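# Descriptive structure summary
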Amino acid sequence: MSTEHESRMEKIVSLAKRRGFIFPSSEIYGGLNGVWDYGPMGVELKRNLKDFWWRRMVREREDMVGMDGAILMNRSVWKASGHENTFSDPMIDCKTCKGRFRADQIESIPCPQKPSKIVATCEGEKMDPRDFNLMFTTHVGPMADDTNKTYLRPETAQAIFVQFRNVLETSRKKLPFGIAQIGKAFRNEINPRNFIFRSREFEQMEIEYFCHPTQGLELLDRWLEERLTFYEDIGIPRSKIHVKEIPDTERAFYSLKTYDLEYEFPFGIQELEGIAYRTDYDLRQHMTQSGKPLDYFDEVSKEKFIPHVIEPSAGADRTLLALLCEAFEEEEVTSEKGEQEVRSVLHFHPRMAPVKVGVFPLLKNKPPLVDKAHEIERALRPFLSVFYDEAGAIGRRYRRQDEIGTPYCVTVDFETLGEGGPALTNTVTLRERDSMKQERISISELGEYLLKKIF
Ligand code: ATP
């Protein structure tokens, strides 16, 4: 990573901590490597992202339904899916520094003892690569032995496959249709890094879209378009997303075609989402291993077959990191006093912003201003996330909202109360984050105006 990109990343991580987006997990005890907590701003941002994904991918489509599977599942699921035997990364142990590194990343990981060198070429005595299973093991019940061993799920997808029959029968959907799920996944990553990009506990937003075998390739391309549009609609321009078709040699053996959607993170162009055409591999495996029917009978053609599946699988945390990286800017601006200063701002798409509107009385010790501002705050709260702030100069309050990406701020002043004549009575100043432009708007139109602009 270049120094410029490194410093940009450091600023983003620091802002995320300082403004309550993301904290290291268990921080007062020294943290836990690869695990993060979301603070008050982060949880709103993540919720906006997941809610919008759900709205676009499930609610607005008649060919989609949702489900929410448990994190713990019967171990047989992971045997049948192939995870127990093959969900591993090759890793290399170093006898000198006692470090353990992913074999495919040693060209970019700094040596823990000599950080100026990379692991691939440092002098440490390295072992041959060995496979390391990424699933976290746990035991169900009081005995910690092999008979009751299972795993924390490393992906949400398997719950969808094993519930295929139940969902099909209860939703009475016909092919093609899809099942969506958002939930936690756990991977004991060998080298968690790049902030929340690669962590050990994360959230996935996954779709399994079932279809007739003849439709698979065409639907894969349709899902690619659908997903690119989604990223645009949350504020990540198409020009920053790279579509990579995975070559035959790197694709899973059962996949006929796979795309990775990659984003230009400050630390490099890296995967955001995989869209894989997985054929009938998963349903066939579970049907064979469980002995239960997971095939489909087409009433019209009278054909019986195992559906093929397209899997758009996105990471909520990675997308959230992309949103932060895309939004962050340090701008040179002229202050109200005419001085040049740096404004730190998050240009979130308004529908992603954790706080939609800041509401301020011009002065905090003037009850009529404060009361009016609270009145506006209360009227907006049922529809929008609002931040009421009366502390410090107005300019400072605007800057604080800029830094968390609030698209609009409303200020109640003496004109609102009638001191500027009838034309301005019951109007407020509405300030927009990106242009910093201010306009007067009447309180009665405010709610509708904001809702239209934001969603
Ligand atoms: P990578 O190659 O980066 O390890 P992957 O190809 O193994 O990822 P998938 O198994 O396809 O990832 O998982 C789907 C999505 O889940 C990824 O595109 C990513 O957004 C997210 N994801 C996977 N592993 C992690 C992780 N350790 N931390 C955060 N998000 C993850």
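What counts as what
- Every chain begins its residue count from 1, and numbering advances along the sequence as written.
- Local features are withheld for residues below a pLDDT of 70 in this predicted model, meaning they are given only at 70 or higher, and side-chain atom pairs are given and counted only at 80 or more; totals for whole chains, interfaces and linings count all residues.
- Calculation of side-chain values draws on the structure's entire complement of heavy atoms; hydrogens and water are dropped beforehand.
- Numbering of helices and strands runs from the N terminus; a helix is a DSSP stretch of H or I covering at least four residues, while a strand is a stretch of E covering at least two.
- Under the scheme applied here, a residue whose accessible area is under 20% of the maximum for its type counts as buried, over 50% as exposed, and between as partly exposed, the area being computed with a 1.4 Å probe on protein chains only.
- When checking whether two residues touch, look at their non-hydrogen atoms; a contact exists if any pair is within 4.5 Å.
- Strand pairing is assigned whenever DSSP identifies at least 2 bridges connecting the two strands.
- Here the limits of each domain have been adopted from an automatic or database domain assignment.
- Computed with a 1.4 Å rolling probe, the buried area is the accessible surface lost when two parts are put together, summed over both parts.
- The rule for a salt bridge is simple: a side-chain nitrogen of Lys or Arg has to be within 4 Å of a carboxyl oxygen of Asp or Glu.
- Take the residue count of a helix, subtract one, and multiply by 1.5 Å to get its expected span.
- Throughout, the arc means the angular range of directions from the helix axis out to the C-beta atoms.
- Each axis is a line fitted through C-alpha atoms, taken for helices only over the stretch in contact, and angles between the N-to-C directions span 0 to 180 degrees.
- What makes a nonpolar core is a set of buried Ala, Val, Leu, Ile, Met, Phe, Trp, Tyr and Cys residues whose side-chain atoms join them at distances within 4.5 Å.

### Some thoughts on the overall build of the protein chain
- Helix and strand counts for the protein chain stand at 12 helices and 23 strands.
- Dimensions of the protein chain, computed from C-alpha atoms along their principal axes, come out at roughly 80 × 65 × 50 Å.
- In the protein chain, buried positions account for 49% of the 455 residues.
- Taking the contacts inside the protein chain whose residues are at least 6 apart along the sequence as the reference set, 65% of them involve residues at least 24 apart.

### Observations regarding the pairing of strand β4 (residues 88-93)
- As defined by bridge partners, β4 adjoins strand β6 (residues 130-133) across four bridges and the pair is classed as antiparallel. In the strand pairing of β6, M91 is matched with R130.
- As consecutive antiparallel partners, β4 and strand β5 (residues 100-102) are separated by six residues, and within that stretch K98 has a phi angle of approximately 65°, a positive value.

### Some words on unusual backbone geometry
- In the segment running from L175 into P176, the intervening peptide bond is cis, with an omega of -5°.
- Along the chain, P176 turns up in the loop between α6 (164-171) and β9 (177-186).
- Of note, M436 is a non-glycine position whose phi angle comes to about 60°, a positive value.
- Mapped onto the secondary structure, M436 falls in the loop between β22 (427-432) and β23 (438-442).

### Points about the domain arrangement of the protein chain
- Each assigned domain of the protein chain is listed with its residue range as follows: domain 1 (3-82 + 148-324), domain 2 (88-133) and domain 3 (355-454).
- Once you take the C-alpha centre of each, domain 1 and domain 2 turn out to be 29 Å apart.
- At the junction of the two partners, domain 1 supplies six residues and domain 2 supplies nine residues.
- Together domain 1 and domain 2 conceal approximately 660 Å² of surface at their shared face, both sides included; 46% is due to carbon and sulfur atoms.
- By the criterion of area lost to domain 2, the three top residues of domain 1 are I190, N191 and R193, representing 75% of everything that side buries.
- Linking domain 1 to domain 2 there are one salt bridge.
- For R102, the salt bridge is made with E189, and the minimal N-O distance between the two is 3.7 Å.

### Describing the environment of M67
- Within the fold, M67 resides in the loop between β3 (64-66) and α3 (75-81).
- Take M67: its relative accessible area is 15%, and that puts it in the buried class.
- Counting along the chain gives 226 residues from M67 to P293, while the straight-line C-alpha distance between them is 20 Å.
- Excluding anything up to four places from it in sequence, M67 contacts W54, A159, I160, Q163, V167, I179, A180 and Q181.

### Structural notes on the pattern of salt bridges
- Summed over the entire model, instances satisfying the criterion amount to 44 salt bridges.
- Note that K46 is salt-bridged to E203, the shortest N-O span being 2.7 Å. Of this pair, K46 sits in helix α2 (residues 40-59) while E203 sits in strand β10 (residues 201-211), placing them 157 residues apart in sequence. Like E203, K46 is buried.
- Ionic pairing is found between R222 and E218, a salt bridge with its closest N-O pair at 2.9 Å.

### Quick look at helix α12 (residues 443-454)
- With 12 residues, α12 ought to run about 16 Å at 1.5 Å a step, and its terminal C-alpha atoms sit 17 Å apart, in line with that.
- Residues L446, L450 and I454 constitute the buried set of α12. End-on view of α12: buried residues confined to an arc of 25°, all on one side of the axis. The outward face of α12, more than 90 degrees from its buried face, is lined by the exposed residues S444, E448 and K452.
- Here the buried face of α12 lies against β19 (357-361), α10 (367-380), β21 (408-412), β22 and β23.

### Re the sheet that holds β3
- With mixed pairing, seven strands are arranged side by side in an open sheet as β3-β9-β10-β16-β13-β12-β11. The open sheet is flanked by β3 and β11 (241-245), the only strands paired with a single partner. Going across the sheet, the axis of each strand differs from the next one's by a mean of 25°, ignoring polarity.
- Of the pairings in the sheet, the one linking β3 to β9 comprises three bridges and is parallel in character.

### Points about the nonpolar core
- Counting residues in hydrophobic clusters, the biggest one holds 58 residues, and the most contacted among them are F21, Y231, I234, F265, L321, L324 and F348.
- If you tally residues by element for this core, the top one is helix α9 (residues 316-327), at eight residues.
- By size, the runner-up hydrophobic cluster in this structure holds 29 residues, among which are M73, M91, I179 and I190.

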